[in-house]
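Listed here are the chains, written in short residue letters.
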Amino acid sequence: MVTDRPIVVAGAGAIGCFVGGMLTAAGRRVALLARPRVKTEIERFGLRLTDFDGSEKKLGAGQLALSEDASILHSAGIVLVTVKSADTADVADQIAQHAPQDAIIISLQNGVGNVAVLRERLGERVGGRRVLAGMVPFNVIAMGEGRFHRSTSGDIHVGEDEANTAAALSVPGLTMRASRDIDGVQWGKLIINLNNALSALSDMPLAAQLANRDWRRLFADQMAEGLAALKAAGIAPVSATPIPANWTPTLLKLPDVIFNAILGRTMKIDPEARSSMWQDLKLGRKTEIDYLQGAVIALAEQNNISVPLMRRIVALIKEAETAGNGPPRLTPHQIRGVALK
């Protein structure tokens, strides 16, 4: 399944190009279904993968198949879905039309609702294609000229299945681990991803933001709202780090010296690491705020939980989207403002 048929990355943006490139570098047959801009960039410059640890891999354009036509899915053994959440339904329809019936579909997207959309569109419950949830813990920045930089650490998690797909996909430099509670893992990542909006609003690198106690307190307060909403809904988030999710708000509020010592033992962050939401505002694109904070707010509404800070942050992101001037460089005090009720 993995060795004799290609792995197709459906929606090769920053994450897709990095994951697809690492698989290619390890000798796997990989095809990228990409937008014309990305396809042209790779054809011109090749693919250059750099890492927070200083390592680098270079691939020529001829080492992987590139197409903007969904027919490239026709012989896929595995399809890695890496599109933005708003595009999930469209890519599911492309998979349904072109991919083999026995292809395994893996969502490597932000948020928690994409797998349900894929399964509904692909008819998994009535003998359709098998869909697995996945979680990518690290950030990738598109640097231009074919360079994609992984700026934080972590292993990819994939829902456990009888074929042990996670192990079959795991390669040096890109470890994939099978998870028995992938729903909890996805919610755990979503809670951490609540910081994406703060990164976007601040225009600060993640490392610099986390080194500042005022920013960490803001993140902690937003995370506490999210954890309260999840608890009311009976959802137990699984942390992607050794630190349990419920401990994180308290740890974020610790003095800088203590917090930085703990962070250094659990996660590696490049000094220039940025969130995907920051990249979206920078490029004038619509963000995934409705699939991150929006998913938590929906739970909060269902269970009568107040999340005023989170609502305030959503409003500020949408204002920045509408303005189209990139990250607005707000301070923690400006973000707190008068939280919406």
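Our structure's up above, just so we're on the same page.
Residues numbered from 1 in each chain as written. Predicted model: local features only at pLDDT ≥ 70, side-chain atom pairs only at ≥ 80, totals over all residues. Heavy atoms only, no water.

**Quick look at the sheet that holds strand β12 (residues 176-179)**
Sheet strands associate in pairs through backbone hydrogen bonding, adopting either a parallel or an antiparallel arrangement.
Inference 1: Pairing is mixed across the open sheet formed by eight strands, whose spatial order is β5-β2-β1-β6-β7-β8-β11-β12. Each edge of the open sheet is held by one strand with a lone partner, namely β5 (65-67) and β12. Strand-to-strand twist of the sheet, defined as the mean angle between neighbouring strand axes without regard to direction, takes the value 25°.
Inference 2: Relative to strand β6 (residues 78-81), strand β1 (residues 7-10) is paired through four bridges, and the arrangement is parallel. Looking across to β6, one finds that V9 is bridged to L80.
Inference 3: Contacting β1, β2 (30-33), β6, β11 (156-159) and β12, helix α1 (residues 14-25) crosses the sheet at an angle of about 165° to β2. (Pairing = 2+ DSSP bridges. Helix = DSSP H or I, 4+ residues; strand = E, 2+ residues; numbered from the N terminus. Axes fitted to C-alpha atoms, helices over the stretch in contact; angles between N-to-C directions. Contact = heavy atoms within 4.5 Å.)

**Quick look at the nonpolar core**
Inference 1: Among the nonpolar cores identified, the biggest contains 41 residues, and I317 and I335 are the most heavily contacted of them.
Inference 2: Elements supplying a minimum of two residues to this core: α6 (182-193), α7 (195-202), α9 (213-232), α11 (256-266), α12 (276-282), α13 (293-302) and α14 (308-323).
Inference 3: Among the elements that take part in this core, α9 stands out by supplying eight residues, more than any other.
Inference 4: Here I317 is in contact with A197, A200, L201, M277, L281, T287 and I289, once residues within four sequence places are set aside.
Inference 5: The next biggest cluster of nonpolar side chains, apart from the first, holds 36 residues, and it includes A14, L59, L64 and I104. (Core = buried A, V, L, I, M, F, W, Y, C linked by side-chain atoms within 4.5 Å. Buried < 20%, exposed > 50% of the residue type's maximum accessible area, 1.4 Å probe, protein only.)

**Observations regarding the packing of aromatic side chains**
Inference 1: Per the counting criterion, the structure on display carries one aromatic pair.
Inference 2: With 5.9 Å between their ring centres and 65° between their planes, F18 and F138 make a pair best called edge-to-face. With F18 in helix α1 and F138 in the loop between β8 (130-135) and β9 (140-144), this pair connects stretches of sequence that are 120 residues apart.
Inference 3: Taking the ring centre of F138 as reference, the NZ or CZ of R150 above it sits at 5.0 Å.
Inference 4: For the cation-ring pair, R274 lies above W278, with the distance from its terminal atom to the ring centre recorded as 4.5 Å. (Phe/Tyr/Trp six-rings, centres within 6.5 Å; stacked < 30°, edge-to-face > 60°. Lys NZ or Arg CZ within 6 Å of the ring centre and 35° of its normal.)

**Comments concerning the pattern of salt bridges**
Inference 1: In total, this model carries 22 salt bridges according to the counting rule given.
Inference 2: The shortest N-O distance in the salt bridge between R35 and D87 comes to 3.5 Å. Linking R35 in the loop between β2 and α2 (36-45) with D87 in the loop between β6 and α3 (88-98), this pair joins segments that are 52 residues apart in sequence.
Inference 3: Owing to a relative accessible area of 59%, R35 belongs among the exposed residues under this scheme.
Inference 4: Note that K58 and E56 form a salt bridge whose closest N and O atoms lie 3.8 Å from each other.
Inference 5: By relative accessible area, K58 is classed as exposed at 63%.
Inference 6: On the basis of relative accessible area, E56 is assigned to the partly exposed category, the value being 39%.
Inference 7: Three or more residues are tied together by salt bridges with common partners; here these are R48, E56 and K58. (Salt bridge = Lys/Arg side-chain N within 4 Å of Asp/Glu carboxyl O.)

**Description of the sheet that holds strand β3 (residues 47-51)**
Inference 1: The four strands are arranged β4-β3-β10-β9 in an open sheet whose pairing can be described as mixed. The open sheet is flanked by β4 (56-59) and β9, the only strands paired with a single partner. Within this sheet the neighbouring strands show an average axis-to-axis angle of 20°, counted without direction.
Inference 2: Looking at chain direction, β3 and strand β10 (residues 147-150) are connected through four bridges and run parallel. Across the sheet, T50 pairs through a bridge with H149, a residue of β10.
Inference 3: Sheet contacts for α1: β3, β4, β9 and β10; angle to β3, the most-contacted strand, approximately 95°.

**Describing unusual backbone geometry**
Inference 1: Although it is not a glycine, N164 adopts a positive phi angle of roughly 55°.
Inference 2: Mapped onto the elements, N164 comes out in the loop between β11 and α5 (165-169).
Inference 3: Take N164: its relative accessible area is 39%, and that puts it in the partly exposed class.
Inference 4: If you check the backbone angles, D203 has positive phi at about 65° while not being a glycine.
Inference 5: By the element assignment, D203 lies in the loop between α7 and α8 (206-210).
Inference 6: For D203, a relative accessible area of 12% gives the class buried.

**Considering the pairing of β11**
Inference 1: The side-chain alternation of β11 yields two buried faces, one formed by I156 and V158 and the other by H157 and G159.
Inference 2: Where β11 and β12 come together, four bridges link them in parallel fashion. Following the sheet pairing, V158 is matched in β12 by A178.

**With respect to the side chain of T50**
Inference 1: You can see T50 is positioned in strand β3.
Inference 2: In this structure T50 comes out as buried when scored by relative accessible area, which is 5%.
Inference 3: Discounting chain neighbours no more than four positions away, the residues touching T50 are F18, S55, E56, R147, F148, H149 and R150.

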